[in-house]
Each structure stands twice: as C-alpha cells, then as structure tokens.
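So you can see what is in the structure, the chains are spelled out below.
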There are 2 protein chains.
Amino acid sequence: MKVLIVDDDRTLADLLAFTMRRSGFEPIMAFSAPEAIRVFEVQPVDVVILDVNMPGEPGLRDGFDVCQQIRKTSDVPIILLTVRDDEEDVVSGLSMGADDYVLKPFSPRQLVARVKSVLRRSSPKGHIAEEPFTFGEIKFDPNRREFLRPGGSPETLTRLEALLLEYMMLNAGQILPAENIISHVWGPDGGSTEMLRQLIRRLRMKIELDPTKPELIQNLPGIGYGFKA
Amino acid sequence: MKVLIVDDDRTLADLLAFTMRRSGFEPIMAFSAPEAIRVFEVQPVDVVILDVNMPGEPGLRDGFDVCQQIRKTSDVPIILLTVRDDEEDVVSGLSMGADDYVLKPFSPRQLVARVKSVLRRSSPKGHIAEEPFTFGEIKFDPNRREFLRPGGSPETLTRLEALLLEYMMLNAGQILPAENIISHVWGPDGGSTEMLRQLIRRLRMKIELDPTKPELIQNLPGIGYGFKA
DNA sequence: TACATTTGTGACAAACCTGTGATAATTGTT
DNA sequence: AACAATTATCACAGGTTTGTCACAAATGTA
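Keep in mind it's a predicted model, so treat the numbers as computed, not measured.

What counts, and at which threshold
- Residues numbered from 1 in each chain as written.
- Chains lettered and ligands numbered in written order.
- Predicted model: local features only at pLDDT ≥ 70, side-chain atom pairs only at ≥ 80, totals over all residues.
- Heavy atoms only, no water.
- Helix = DSSP H or I, 4+ residues; strand = E, 2+ residues; numbered from the N terminus.
- Contact = heavy atoms within 4.5 Å.
- Salt bridge = Lys/Arg side-chain N within 4 Å of Asp/Glu carboxyl O.
- Buried < 20%, exposed > 50% of the residue type's maximum accessible area, 1.4 Å probe, protein only.
- Near = heavy atom within 4 Å.
- Polar contact = N/O pair within 3.5 Å; in protein donor to acceptor, adjacent residues only side chain to side chain.
- Axes fitted to C-alpha atoms, helices over the stretch in contact; angles between N-to-C directions.
- Parallel < 35°, antiparallel > 145°, perpendicular 65-115°, else oblique.
- Left-handed = near helix turned anticlockwise from the far one by under 90°.
- Nonpolar A, V, L, I, M, F, W, Y, C, P; charged D, E, K, R; others polar.
- Pairing = 2+ DSSP bridges.
- Core = buried A, V, L, I, M, F, W, Y, C linked by side-chain atoms within 4.5 Å.
- pLDDT = per-residue confidence, 0-100.

A.B. asks: Explain the overall build of chain A to me, and be specific about the residues and the numbers.
C.D. replies: Counting secondary structure elements, chain A contains eight helices and twelve strands. In chain A, once contacts between residues fewer than 6 apart in sequence are set aside, the share between residues at least 24 apart is 52%.

A.B. asks: Kindly report on the pattern of salt bridges, identifying the contributing residues and their values.
C.D. replies: Inspection of the entire model under this criterion finds nine salt bridges over all chains. The salt bridge involving E26 of chain A is made with K2 of chain A; its shortest N-O contact spans 3.8 Å. Of this pair, E26 of chain A sits in strand β2 (residues 26-30) while K2 of chain A sits in strand β1 (residues 2-6), and the two are 24 residues apart along the sequence. Look at E26 of chain A and you get partly exposed, because its relative accessible area is 40%. Put simply, K206 of chain B and E161 of chain B hold a salt bridge, and the shortest N to O gap is 2.8 Å. Of the two residues, K206 of chain B sits in helix α8 (residues 193-207) while E161 of chain B sits in helix α6 (residues 159-170), which places them 45 residues apart along the sequence. Classification of K206 of chain B by relative accessible area gives partly exposed; the value is 23%.

A.B. asks: Go over the protein's contact with DNA strand C, please, and point to the residues and values.
C.D. replies: Neighbouring DNA strand C are 20 residues, the closest being R197 and R201 of chain A together with R201, R204 and G222 of chain B. Take the atoms of DNA strand C that sit within 4 Å of the protein: sugar and phosphate atoms are 61% of them. A distance of 2.3 Å separates a phosphate oxygen of DNA strand C from a polar side-chain atom of R201 of chain A. One nitrogen or oxygen atom from the side chain of N219 of chain A is found 3.2 Å from a phosphate oxygen belonging to DNA strand C.

A.B. asks: Go over the protein's contact with DNA strand D, please, and point to the residues and values.
C.D. replies: T158 and E194 of chain A together with T158, L160 and E194 of chain B are the nearest of the 19 residues found near DNA strand D. Of what DNA strand D places within 4 Å of the protein, 70% of the atoms are sugar or phosphate. Where the surface near DNA strand D is concerned, the elements lending two or more residues are α6 (159-170) and α8 (193-207) of chain A together with α6 and α8 of chain B.

A.B. asks: Requested: an account of the packing of α6 of chain B against helix α7 (residues 178-186) of chain B, with residues and values cited.
C.D. replies: Residues and elements named next belong to chain B. α7 packs onto α6 with a crossing angle of 135 degrees between their chain directions and a minimal axis gap of 9 Å. Considering the angle they form, α6 stands oblique to α7. As α6 runs across α7, the sense of the crossing is right-handed. Of the residues in α7, those in contact with L160, L163, L164 and Y167 of α6 are N180, I181, H184, V185 and W186. Split into classes, the residues belonging to the contact of α6 with α7 amount to seven nonpolar, two polar and no charged.

A.B. asks: Tell me what's going on with the sheet that holds strand β3 (residues 47-51) of chain B, and back it up with residues and numbers.
C.D. replies: All names here are of chain B. The five strands lie next to each other as β2-β1-β3-β4-β5, forming an open sheet whose pairing is parallel. The sheet is open, and its two edges are formed by β2 (26-30) and β5 (100-104), each paired on a single side. Adjacent strand axes in the sheet meet at a mean angle of 20 degrees when their direction is disregarded. Across four bridges, the pairing between strand β1 (residues 2-6) and β3 is parallel. Considered in β3, the bridge of I5 is made with I49. Sheet strands touched by helix α3 (residues 63-73): β3 and β4 (78-83). Its angle to β3, the strand with the most contacts, is close to 155 degrees.

A.B. asks: Outline helix α7 (residues 178-186) of chain A, supporting the account with residue identities and numerical values.
C.D. replies: Looking at α7 of chain A, one finds that the buried residues are A178, N180, I181, I182 and V185 of chain A. Within two residues after α7 of chain A, G187 of chain A carries a phi angle of roughly 95 degrees, on the positive side.

A.B. asks: Mind laying out the nonpolar core, listing which residues take part and the relevant values?
C.D. replies: Counting 26 residues, the largest nonpolar core has F147, L164 and L165 of chain A as its most contacted members. Looking at this core, the elements that each hand over two or more residues are β7 (138-141), α6, α7, α8 and β12 (224-227) of chain A. With seven residues, the single largest contributor to this core is α6 of chain A. Once residues lying within four places of it in the same chain are set aside, the contact partners of L165 of chain A are F140, F147, L157, L203, I207 and F227 of chain A. In terms of nonpolar packing, the next biggest core, distinct from the first, is built from 25 residues, L165, A178, L196 and I200 of chain B among them.

A.B. asks: Run through the packing of helix α2 (residues 33-42) of chain A against helix α3 (residues 63-73) of chain A, naming residues and quoting values.
C.D. replies: All names here are of chain A. In contact at an axis separation of 10 Å, α2 and α3 are set at 20 degrees when each is read in the N-to-C sense. Accordingly, the angle class assigned to the pair α2 and α3 is roughly parallel. Remark: the crossing between α2 and α3 carries right-handed chirality. From α2, A33, A36, I37 and F40 reach across to α3, where they touch V66, Q69, I70 and T73. In terms of residue class, the contact of α2 with α3 is made up of six nonpolar, two polar and no charged.

A.B. asks: I'd like a rundown of the confidence of the model for chain A, residues and numbers included.
C.D. replies: Residues and elements named next belong to chain A. Residues of chain A with pLDDT of at least 70 account for 83%, and the chain-wide mean is 81. For chain A, the element scoring lowest by mean pLDDT is helix α4 (residues 87-95), at 62; α8 scores highest, at 94. Across residues 124-128 the pLDDT falls below 50, and counting only partners more than four positions away or on other chains, this stretch makes two contacts in the model.

A.B. asks: Just give me the short version of the pairing of strand β5 (residues 100-104) of chain A, but keep the residues and values in it.
C.D. replies: Residue and element names in this part refer to chain A. A one-sided burial pattern is seen for β5, the buried positions being D100, V102 and K104 and the unburied ones Y101 and L103. Where strand β4 (residues 78-83) lies against β5, five bridges are found, and the strand directions are parallel. Its bridge partner being in β5, L81 is matched across the sheet by V102.

As structure tokens, then:
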C-alpha cells in the first residue's frame, strides 16, 4: 500500500514517512509541487498526503494545484495538511477534489486513522461492510441505515440518525455523555445540546413503539443518552 | 482510571494532580525521567502526562526519552506538556509516539479535555466508562449515578449528589475538610457551607436507611464530612 | 451552665434540563 | 430550476435540581 507524501518541510515529511511506514504503508516522497506531479506520473500510489502550503512554479503554485492536477486523471484519495487557521484552505481543497484533511499539528494516530478512513471509503473492492447490530429481535444495518424491530415497520434512518444510533449501539447498555455524542456525530467543534435533542427526538420517532415512553433510548439528566441493551 | 503525571516542577505537578483527581482520575506522580520509568514499570496507568523539559540522566535525559522508552512496551496514551515556542519539540515528541500535546500555560479544563480526548480516541468504542464503587454490598455506579444498598431501593442521584458521593467514596474512611468538598463539587470559587449542608442532607435522604441516624455519611464538627468505609 | 457556633431540617424561589412543535435554512435528487 | 428531504434554529412548557432563607437541634468552649 503506497502513500505519496508531498511536503517541502523535510522534517515533517520524514515524520510522516516514519508514521506511515510504522503503520504498514510504503512512503513515496516529494518535496515540491512539480516533483509531486512527476513522481505521481511514474509511480502509482494508493493515497496522497498533500501539504497545502508549499513552493511551486507557474501552473503548479501550491498543494491545491497539485490536488487539482491529480484529480484530472485519477480518483486516488487525497488528504490535505493545513494549519489550524486556514479553514478556507480546507473548503477550497475539498472543492478541488480532496477527500479529507488533517490540521497541523496532528498526532500520528489521528493521521493514520484518517488515511485508513479515506481508503475504506474510496475503495469499491476494499470496502468491508459493517456488521449489522442485533439486540434480540432488533436489528440495525449501518450500511443501509435500516432499522427493524418487531411491532414496528422498517425504518430508513438519515445520515445523522444512523451515526447517532450506531454510536449508541456500539456502547449499548451505557449512558454516553452528551458531549461525547455531539463530538462523534458533528465533529470536534460542531453540534450543540439543542441539535442533539432534536436528533434524539427524530430518532425516537422512528425507532420507538411509543416515542413519548421511550424504551430503547434512555436519558440520564445532566449526563446524556444511551441505548438500552 | 489512573494517570501518571511526570514533571519536575512540584507545584505544577500538584496542580495537575488536583485537576485530574477532580475529574475522576487517580493521579500517580513522578518528578524525574528515571522515576517515571520506575513508576511506570510497577504501576499500570491509563494515560501519561509528560513534561518535556525535565532533568534526567544518561539514557533518560528528558521527557522525550521517557516517551520513547514507554512506547517500546506500551500503547498507553501519552500527552506532552511543552512551552509555546517549541513546535519542534512537538514534532519530535509526536514522532516518538506521543498522542497529543498541551502548550503551557494551559487551563485545567483544556488539559482534562485533552486527556479525555486521547482516551476516547484510543478506545475502540469511543467511550470510557468509570469503574463502579463497591463497599461490601453497597454499590455506586458513577456512570448511571445509581446507588444500591441492601435494605434500600435503588436511588438515582442528581449530578451534584453524585459528585459529592464519588468524592467521598474516592476518599472513603476519611473526614474531608468542608472547603475541599465545596471546591470539588462547585469549583474553586463556587459553593458555600450552606449549600454543602443542603446537599449532604439530600444525599443522606437518598442513601441512608435512617437519615436522622446517618451511618454512611459522617460529620466531624468544625472539620467536614466523610464516607464511612 | 451559658452562650456561641455548627449542623440539621423544612420550605419556597430560581435555574436548569429535556421534550415538543414549528419554521427557516441547507442539502440532495431529478 | 423545482421539489423533497434533512438538518438547524427558535420558542415554549413541564418536571427536576439547585440555591437561599429561616429556624431548630446539637455540639463545643469558656
């Protein structure tokens, strides 16, 4: 599994290479935008890690141009590296075809997780279906987002509803702190208790026999919610 | 949930210990690199907080060496403490296996959030449950705030009641000074003896067989309260 | 023993949490 | 572009929790 690492900062590039090698990938290095394109043309890779800020030349000024260029000819997953305050960079990069991004500085574990995540998402062959959840006669298939229970009709959940239910089922029998749930569903800086409340409501409407007397989704005041095992 | 705190600055180390204890962790202290390794070898911990700049000895010169050493044998999450301008420190530390870092100076809240975050990331399910407390046939589950004792019905405690009981159980068999209890439950500038009194009353109403003759929660006049082991 | 302080108790007010409904904004599909 | 579906935002209500005040009982000290 080859990973192309594109970064003009050699220290960081070495760190990235070290990290990826440690996780079973074979790193291929490029230290500028033009070099990245050259390397990419002769060496097929499975994923690209691409620093946004990097010297280039006319027509290949920075990481964005590299991203765009690669995207013209390839579907390879691309992860952008950017600094914390450059959220505009992120949006631009994603609109140019990048698949994900990681904010500097980052932990090795986080980076590897992201790489694996984009590989999972982008590979039709490598896609491994998630196991359905089963609790007695209750079933939830995260791949189809389909919920089944006796006494109720099959329900197709929306994206956020499915994310929520999956997280609660993964930790069935526990009450999960609201902040954990929010972070999991909406990301580190997204969401609110109010949004969670509304999502809980919508999910209950779909999966409880009587949403006013919930049996599956429990609340502990001041703490959070959980799925009763 | 045990946290190993490694810092040669004893004042800061004590503050860290206080902060972590307040958030439900049990702090284990080490004040030098060699001591950290010795402690780590005999005491399993759930997370390590590690100051980068710290006196050591050949082979264990500073926090980085500790990090590297620990990483050889363990996947325990490691958080580095470092000063603002040492981004190279961060990269080095991360390349040696640390999971995250916190820049000095930092707020207690930020540190706790980071600790919980790395624990969450390192847990496959994304949630860590706290251990229940058991004293004979008496049980208290802080996750559900549920109190059980023979001869009484199960009680769900409120947030503050649970905070109080947990703190007393963590220090069972001792009389805790009122000001410490108040600080723990309401924060450094919150609370009052009057509020504590009322909270004690409410907790006793829930967990004592006869609240007028308390057996579990004891008072030492002029000092404070404690949970009888 | 007398008095001061601490602790226990009860009652009510203020604040908070969660459920619910409605509408606006955003996203996805044709 | 039009429409449908999903998500976010706002508002309100009911129930619970916490804070505040007042008074009684217990404890400690001179």
